[in-house]
Each structure stands twice: as C-alpha cells, then as structure tokens.
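Given next are the chains, with one letter for each unit.
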Amino acid sequence: MQIAYRARDLAEAHIVAGLLQSRGIECHVGGHYLQGAMGEIGAAGFTNVHVEDEDYVLARTLVAEYESANAPESASAHGEDRANRYATWFLLFLAVVMVVLFGAL
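For the structure given in this document, a descriptive report is provided here. (Residues numbered from 1 in each chain as written. Predicted model: local features only at pLDDT ≥ 70, side-chain atom pairs only at ≥ 80, totals over all residues. Heavy atoms only, no water.)

## Overview of helix α3 (residues 56-69)
- Taking 1.5 Å as the rise per residue, α3 with 14 residues should run 20 Å; its terminal C-alpha atoms sit 20 Å apart, in good agreement.
- Regarding α3, the residues found buried are A59, L62, V63 and Y66. Looking straight down α3, one finds that the buried residues subtend no more than 100° of arc, so they occupy a single side. Exposed residues on α3 whose side chains face more than 90 degrees from its buried face are V57 and S68.
- Of the surrounding secondary structure, the elements contacted by the buried residues of α3 are β1 (2-7), α1 (10-22) and β3 (47-51). (Helix = DSSP H or I, 4+ residues; strand = E, 2+ residues; numbered from the N terminus. Expected span 1.5 Å × (residues − 1). Buried < 20%, exposed > 50% of the residue type's maximum accessible area, 1.4 Å probe, protein only. Arc of directions from axis to C-beta. Contact = heavy atoms within 4.5 Å.)

## Considerations on the packing of aromatic side chains
- Applying the stated criterion across every chain, the model contains one aromatic pair.
- Consider the rings of Y5 and Y66, whose centres lie 6.1 Å apart with planes at 85°: the pair is edge-to-face. Separated by 61 residues along the polypeptide, Y5 in strand β1 and Y66 in helix α3 bring together distant segments of the chain. Here Y5 and Y66 have matching classes, each one buried. (Phe/Tyr/Trp six-rings, centres within 6.5 Å; stacked < 30°, edge-to-face > 60°.)

## Some remarks on the pattern of salt bridges
- The full count for this structure, using the stated rule, is one salt bridge.
- For R8, the salt bridge identified is with E12, shortest N-O distance 3.4 Å.
- Take E12: its relative accessible area is 7%, and that puts it in the buried class. (Salt bridge = Lys/Arg side-chain N within 4 Å of Asp/Glu carboxyl O.)

## So, the sheet that holds strand β2 (residues 27-30)
- Within the open sheet, the three strands sit side by side as β1-β3-β2. Their pairing is antiparallel. Of all the strands in the sheet, just β1 and β2 have a single pairing partner and so form its edges. Taken over all neighbouring pairs, the strand axes of this sheet differ in orientation by 25° on average, direction set aside.
- Of the strand pairs in this sheet, β2 and β3 are connected by four bridges, and their pairing is antiparallel. What sits directly across from H28, in β3, is H50.
- Across the sheet, α3 lies against β1 and β3, angled at about 15° from β1, the strand it touches most. (Pairing = 2+ DSSP bridges. Axes fitted to C-alpha atoms, helices over the stretch in contact; angles between N-to-C directions.)

Structure (structure tokens):
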C-alpha cells in the first residue's frame, strides 16, 4: 500500500477516502490513534489515506483534482478585497462628514 494523500486532520482524510471509494478505489485511513496521542490540540499530519499499489496513479489523479477544486484563494487577493472595502467605507464616511460640516454653513 502507498500513501495517496496526507490529510490535515481526520475529517479531511475520510472525505478523500470517500471520494476514492466512490470511484471504486479501495482505501484505508490510517493514523486514527496517533492523532489522539497529541491531545485536544488537533495535531495535523498524522492521518493518511492509503491505497493499493495498482490504484496509486488513479488515486493521485483524483486527489489532485480534489486539491485543485479546494484550493484556497490567494492571501493577496483577499487582502486587496479587504483594502478596497475599507477604502470605500472611509470615502463614504469622509463624504458624510464633509456634507455635515459644509452643509451647516
């Protein structure tokens, strides 16, 4: 057996295992007891999805599709969106203050 996927946590390992099993690939999630040894912190990197040697290539292809579909958006795009939102609210606030100050004159 080979490791087809190294999961962040137990739940993710079972999600990927379910994906593989739905495509007819027998797999095994390992590391259940190792994760519990770390306590309540939820340690990462101990759960793996194992497949038979002959299913490894297909499993890795499916895992690559899964990873590309769940890729997080880049931090810079998120940061730019947040900066634009703050700039919009700041300009709106500034416009309201200007109307209040100069509208009273």
